[in-house]
Amino acid sequence: MTYYFRILLLLLFSATFCLLTSTTTYATNGHQLSAVGAYQQGMGGATTAAPYDASTSITNPAGMAMIGNRTDFSFQMFFPHRELSFAGGGETSGGSNYYLVPAVGWTSPMDDRNDWFFGGGMYGVSGMGVDYDTVTTQFPAANSQAHIYSQYQFWKMAPTVAYKSGGFAIGVALNLDYQALGFEQYFTNGGVKLFGFDLSEMQGAVGYGASIGFIYQPVPEFTVGAAYISKQNFGKFKWRLSAGDVVTQTGQISQDGIYTMDLDFPQQAAIGIAVKPFRIVTWTADVKWIHYSDTYDVVQLKGIFGGIGGTETDLTFGWDDVWVYATGLQIDFTPNFAVRAGYNYSTSPIDQADPNEVEYNLAFPAIVKQRVAGGFTYRLGRHWELTMAYMKAFKEEMTGISGTKISLEEQAVDFEVSYRF
């Protein structure tokens, strides 16, 4: 017991260190990572019915009863490239070209049993960010200046209990969350703000939720799994704004004071299968639904406004629900060496068919759709494992009603070290 207690302390220390020293992440299914950890990345995120490491506590908690006694530490090096251009001139690309996304987790039997398991971890699961130059544009008026910046990050702890009986497993996780947000999107002309929001001072909020999942393997060649993650409910963001930090197109003007915003994280559900047509081959397929329209359509900023007055104003993002389709293939060439390949496609939460959604999301260009990935695991004896993966998200562009264009492409390299007890 003392040994496991030391391991737990080490994991908690590592997770806390990662949280305090990390920068913003930039994710792919909307603003959510398409995969957490090197194993999931190599499989294109299609792991609902095929858990392997402790990252399953985030995606399908039932998997914690299927992966044995282990601890996993991973980090992702993320390389996004985003661009913004206005009709009539004004182009920029900006924001860090490199982000680090750490993750740590573990699972072990409860009281040396082989049916009840406890585990969890801390994971960076979502984020976005741009930092564009101030550029001159003809939108919304001749010789205007555009000021566009954003930074968002989301962290989740997931203590998990799972139970296994025969080929059936069920798991439940408590989600303890932290998110931070700061952004600005406004236009000036001759130093006078025309309209927009300056909420660039980073603010944090704490939230909670839960997840549940099951896995059923009637025969060794076929497995089915499903998981549901509830809406993550958060406390309010609070900004101390100055007069004129917010100027709406309808004439509301912020005054000196405290302004609040509710921003919850969307519920989601996934179902997947895993098929073993041969002893060394595993094929997986997942479908996931993310309910962005419930939380990222229209968000209200509340406070005391001058101008036409009022106590709240709408921030319209207009995000739609996202559907994700993923598939993965693993080949175990030897007992110590496995190779993976994956493909992940998601719809975009931003709809170019809506005349204004591109303009609403200049600071949040979460539009990539197609990703390919590959990776491997090498087992160093009975206990140690090394897993690596690479992901490429292909460039997507969208053009708004005013001719404004946003684009995004991404790459990521994942590295994971695991110890099996």
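Residues numbered from 1 in each chain as written. Predicted model: local features only at pLDDT ≥ 70, side-chain atom pairs only at ≥ 80, totals over all residues. Heavy atoms only, no water.

1. Focus: the overall build of the protein chain
Part 1 of the argument: Each helix and strand in the protein chain was counted, giving 5 helices and 25 strands.
Part 2 of the argument: In summary, the protein chain has a C-alpha radius of gyration of 22 Å against a globular reference of 22 Å for 421 residues, a match within 12%.
Part 3 of the argument: Each principal axis of the C-alpha atoms in the protein chain carries an extent, and together these give about 70 × 40 × 30 Å.
Part 4 of the argument: Sorting the 421 residues of the protein chain into buried and exposed places 55% on the buried side. (Helix = DSSP H or I, 4+ residues; strand = E, 2+ residues; numbered from the N terminus. Rg over C-alpha atoms; globule rule 2.2 N^0.38 Å. Buried < 20%, exposed > 50% of the residue type's maximum accessible area, 1.4 Å probe, protein only.)

2. Topic: the nonpolar core
Part 1 of the argument: In this structure, L181, F183, L199, M261, L301 and W319 are the most contacted members of the largest nonpolar core, which totals 62 residues.
Part 2 of the argument: Setting aside residues no more than four positions away along its own chain, F183 makes contact with Y149, S150, F197, D198, L199, S200, M261, L315, F317 and F364.
Part 3 of the argument: A62, I67, F117 and A162 belong to the second largest nonpolar core, which has 8 residues in total. (Core = buried A, V, L, I, M, F, W, Y, C linked by side-chain atoms within 4.5 Å. Contact = heavy atoms within 4.5 Å.)

3. A word on the pattern of salt bridges
Part 1 of the argument: Inspection of every chain in the model, using the stated rule, returns 12 salt bridges.
Part 2 of the argument: In this structure, D72 and R70 form a salt bridge, with 2.8 Å as the shortest nitrogen-oxygen distance. Taken individually, D72 and R70 each receive the classification buried, so the pair is uniform in this respect.
Part 3 of the argument: Among the charged side chains, a network of salt bridges with common partners joins R70, D72, D332, R379, E385 and R420. (Salt bridge = Lys/Arg side-chain N within 4 Å of Asp/Glu carboxyl O.)

4. Re the confidence of the model for the protein chain
Part 1 of the argument: Here the protein chain averages 92 in pLDDT, and 93% of its residues register 70 or above.
Part 2 of the argument: The low-confidence segment residues 1–27, where pLDDT is below 50, has 52 contacts with residues more than four positions distant or belonging to other chains. (pLDDT = per-residue confidence, 0-100.)

5. What about the pairing of strand β24 (residues 384–399)?
Part 1 of the argument: Pairing analysis gives 10 bridges linking strand β23 (residues 370–380) to β24, with the strands arranged antiparallel. When the sheet's bridge partners are listed, L380 is paired in β24 with W384.
Part 2 of the argument: Taken together, β23 and the strand that follows it, β24, pair antiparallel across an intervening segment of 3 residues, in which G381 is found at a positive phi of about 75 degrees.
Part 3 of the argument: Here β24 pairs with strand β25 (residues 405–420) via 14 bridges, running antiparallel. Looking at the pairing, A389 lines up with D414 of β25. (Pairing = 2+ DSSP bridges.)

6. A short note on the pairing of strand β3 (residues 99–109)
Part 1 of the argument: Most of β3 sits inside the fold, with 9 of its 11 residues counted as buried.
Part 2 of the argument: Of the pairings in the sheet, the one linking strand β1 (residues 70–85) to β3 comprises 9 bridges and is antiparallel in character. What sits directly across from F75, in β3, is P102.
Part 3 of the argument: With 7 bridges connecting them, β3 and strand β4 (residues 116–131) associate as antiparallel partners. Residue P109 lies in a different strand from β4, and its bridge partner there is F117.
Part 4 of the argument: Connecting β3 to the next strand, β4, in antiparallel fashion are 6 residues, including D111 with a positive phi near 55 degrees.

7. Focus on the sheet that holds strand β12 (residues 237–241)
Part 1 of the argument: Pairing is antiparallel across the open sheet formed by 4 strands, whose spatial order is β12-β15-β18-β20. Both outer strands of the open sheet, β12 and β20 (312–316), are each paired with one neighbouring strand and no more. Going across the sheet, the axis of each strand differs from the next one's by a mean of 30 degrees, ignoring polarity. (Axes fitted to C-alpha atoms, helices over the stretch in contact; angles between N-to-C directions.)

8. Focus on the packing of aromatic side chains
Part 1 of the argument: As enumerated under the stated definition, the model contains 22 aromatic pairs in all.
Part 2 of the argument: Here the aromatic rings of F79 and Y98 are separated by 5.7 Å at their centres, their planes lie at 45 degrees, and the arrangement is tilted. Linking F79 in strand β1 with Y98 in the loop between β2 (91–93) and β3, this pair joins segments that are 19 residues apart in sequence.
Part 3 of the argument: Taking the relative accessible area as the measure of exposure, Y98 reaches 40% and is therefore partly exposed.
Part 4 of the argument: One aromatic cluster in this structure is built from F86, F139, F187 and F195.
Part 5 of the argument: Seen from the ring of Y52, R70 lies directly overhead, with NZ or CZ sitting 4.9 Å from the centre.
Part 6 of the argument: The positively charged end of K193 is found above the aromatic ring belonging to Y186, 4.3 Å away from the centroid. (Phe/Tyr/Trp six-rings, centres within 6.5 Å; stacked < 30°, edge-to-face > 60°. Lys NZ or Arg CZ within 6 Å of the ring centre and 35° of its normal.)

9. Description of the side chain of S74
Part 1 of the argument: Within the element layout of this structure, S74 appears in strand β1.
Part 2 of the argument: Dropping the residues within four chain positions of it, S74 is found in contact with G37, V101, P102, A103, F415 and E416.

10. Describing unusual backbone geometry
Part 1 of the argument: Cis rather than trans, the peptide bond between F139 and P140 has omega equal to 5 degrees.
Part 2 of the argument: Take P140: it is sitting in the loop between β5 (135–137) and β6 (144–157).
Part 3 of the argument: We note that N143 has phi near 60 degrees; this positive angle belongs to a residue other than glycine.
Part 4 of the argument: Relative to the helices and strands, N143 resides in the loop between β5 and β6.

11. Remarks on the environment of W106
Part 1 of the argument: Relative to the helices and strands, W106 is located in strand β3.
Part 2 of the argument: Separated by 190 residues in sequence, W106 and Y296 have C-alpha atoms that sit 32 Å apart.

12. Concerning the side chain of Q76
Part 1 of the argument: As for its position among the elements, Q76 is in strand β1.
Part 2 of the argument: For Q76, a relative accessible area of 3% translates into the label buried.
Part 3 of the argument: A distance of 3.2 Å separates a polar atom in the side chain of Q76 from a polar atom in the side chain of D414. (Polar contact = N/O pair within 3.5 Å; in protein donor to acceptor, adjacent residues only side chain to side chain.)

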